[in-house]
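# Chains, contacts and geometry: an overview
Spelled out from the first residue to the last, the chains are:
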Amino acid sequence: MSHLPEVEVLRKDLEKEVVGKRVKDVSVKTARTVGRHRHRPDFIAALDGRKIEAVRRRGTWLLFDLDEGATLCAHLGDQGVVTRETAKAESGPHTQVVVTFTTGGALHLVDPERTSRLFVAPTDGVEQLEELVPGGIDPLSGTFTWHAFARYLAGRHAALKALLVDESFILGLGDLYADEILWSAGLAPDRRSDALSSQEVRRLYRALFEVLYEAIKQGGTADLDAEGEHTDLFGEPGDYGSHLNVHGRAGEPCPRCRRPVVHTEVEGVGAYHCSSCQG
Ligand SMILES: [Zn+2]
C-alpha cells in the first residue's frame, strides 16, 4: 500500500495540479469505493460543482478541502493510485472513480484490489472522524517532537520492528520503511522500545526523518509486491526502491559492514536487518 512518503509525494503533486479547479463530472464504477455514502449519487452530488481549495494529508489519508465547507477524504487502500488524465481519456479496467474539471483534465483513481475509500464530509470535524484517527502519531506532523517520541516509546513494551509497523503507534511506515529506519539507526529489530538509552532514541528519531525525507525526495517506492507498479500522479514509479540498504536484500552484503543481511521474524513480523551493525 502507499505509505507516508508516497502519499506525501502525491499530495504535493495534487496540490499543484488541482487546487483552484472546479469539479465538472464524477463517475463511480464500484459502489463499495464510496460505500460510506448510502448511494453512489449522494457522493457524486456532494462533489458536483465544488472547487478544490487545498489538499492536506492526515496519516495516509488525503483530504481535499472543497468550497462550501466540505472535504473529500480519500484513502488509496492496498494498491490504489491516482493519475492525471485528459478529460476524454478512456477508463482502464481497474479505474474506479473519474473526476473531470471545468477547466479540462481529469483525475482517475485506479485500484485493481478495490480497497480504496472515498467520501465527502463537513470540513469541521473531519479530523475527529473515526476513520482518520487510528490513534498513531504522524511523524511528518509538526507535533512529532523528540520528547514526544521518547515518551511514546517508553510507554510501550514491544520489539521495535513490531512497533514501527503498528498503526496504533505510528502512522504509515510499513514494513519496508521500518526496516530501513532501524538499519539507519543501527538498532536491532528485536530491541525493546522501553529499554533504549536516550542516545538510541535520538538515533531512531533522526533515522526516521532521514529515511522518510529521502524517500519523499526520491518520489517514494514503487511497490514491489503490487500487481501494478506503484506510480505517481504522472505515471512515474518512485525511485527509493533502488536505494534500499536491507529490505528485501537477504544474503546480500550490508552496505555498512559487508556482512550478509538476514531475514528473521520478530513477534510475528518479518524483519530484514544486519545482525552485525544493528545492536
Ligand atoms: Zn552491517
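I will try to describe carefully the structure that is included in this document.

Criteria and thresholds
Residues numbered from 1 in each chain as written. Predicted model: local features only at pLDDT ≥ 70, side-chain atom pairs only at ≥ 80, totals over all residues. Heavy atoms only, no water. Salt bridge = Lys/Arg side-chain N within 4 Å of Asp/Glu carboxyl O. Helix = DSSP H or I, 4+ residues; strand = E, 2+ residues; numbered from the N terminus. Buried < 20%, exposed > 50% of the residue type's maximum accessible area, 1.4 Å probe, protein only. Pairing = 2+ DSSP bridges. Donors = N, O, S within 2.8 Å, 3.2 Å for Na, K, Ca; no water. Tetrahedral: all angles 85-135°; square planar, octahedral: opposite > 155°, others 65-115°. Axes fitted to C-alpha atoms, helices over the stretch in contact; angles between N-to-C directions. Contact = heavy atoms within 4.5 Å.

Now for the pattern of salt bridges. Counted by the stated rule, this structure contains 18 salt bridges. Between E131 and R36 there is a salt bridge whose closest N-O contact spans 2.4 Å. One end of the pair, E131, is in the loop between β8 (117-122) and α3 (146-154); the other, R36, is in the loop between β1 (23-28) and α2 (40-47), and 95 residues separate them in sequence. Owing to a relative accessible area of 32%, E131 belongs among the partly exposed residues under this scheme. Ionic pairing is found between D138 and R57, a salt bridge with its closest N-O pair at 3.0 Å. Linking D138 in the loop between β8 and α3 with R57 in strand β2 (residues 52-58), this pair joins segments that are 81 residues apart in sequence. Looking at R57, the relative accessible area reads 15%, which means it is buried.

Let's shift gears to the pairing of strand β7 (residues 106-110). Burial analysis of β7 places four of its five residues in the buried class, which makes it a mostly covered element. In terms of strand pairing, strand β5 (residues 81-85) meets β7 through five bridges, oriented antiparallel. Residue V82 lies in a different strand from β7, and its bridge partner there is L109. Examined bridge by bridge, strand β6 (residues 95-101) and β7 share five bridges and lie antiparallel to one another. Counted as the bridge partner of V98 is H108 from β7.

This part covers the coordination of the zinc ion. Within the protein, the atoms that donate to the zinc ion are C254 (SG), C257 (SG), C274 (SG) and C277 (SG), at distances of 2.3 to 2.4 Å. One can describe the donor arrangement at the zinc ion as tetrahedral, given that its four donor atoms subtend angles of 97 to 125 degrees at the metal. Residue classification places C257 among the partly exposed residues on the basis of a relative accessible area of 26%.

Looking now at the sheet that holds β8. In spatial order, the strands read β2-β3-β4-β8; together these four strands make up an open sheet with antiparallel pairing. Edge positions in the open sheet fall to β2 and β8, since each of these has one partner strand only. Each strand of the sheet is rotated relative to its neighbour by a mean of 20 degrees, with strand direction disregarded. Of the strands in this sheet, β2 and β3 (61-66) touch helix α1 (residues 4-18), which is tilted by about 175 degrees from β2. Where α2 meets the sheet, its contacts fall on β3, β4 (70-75) and β8, and the angle it forms with β8 comes to roughly 60 degrees.

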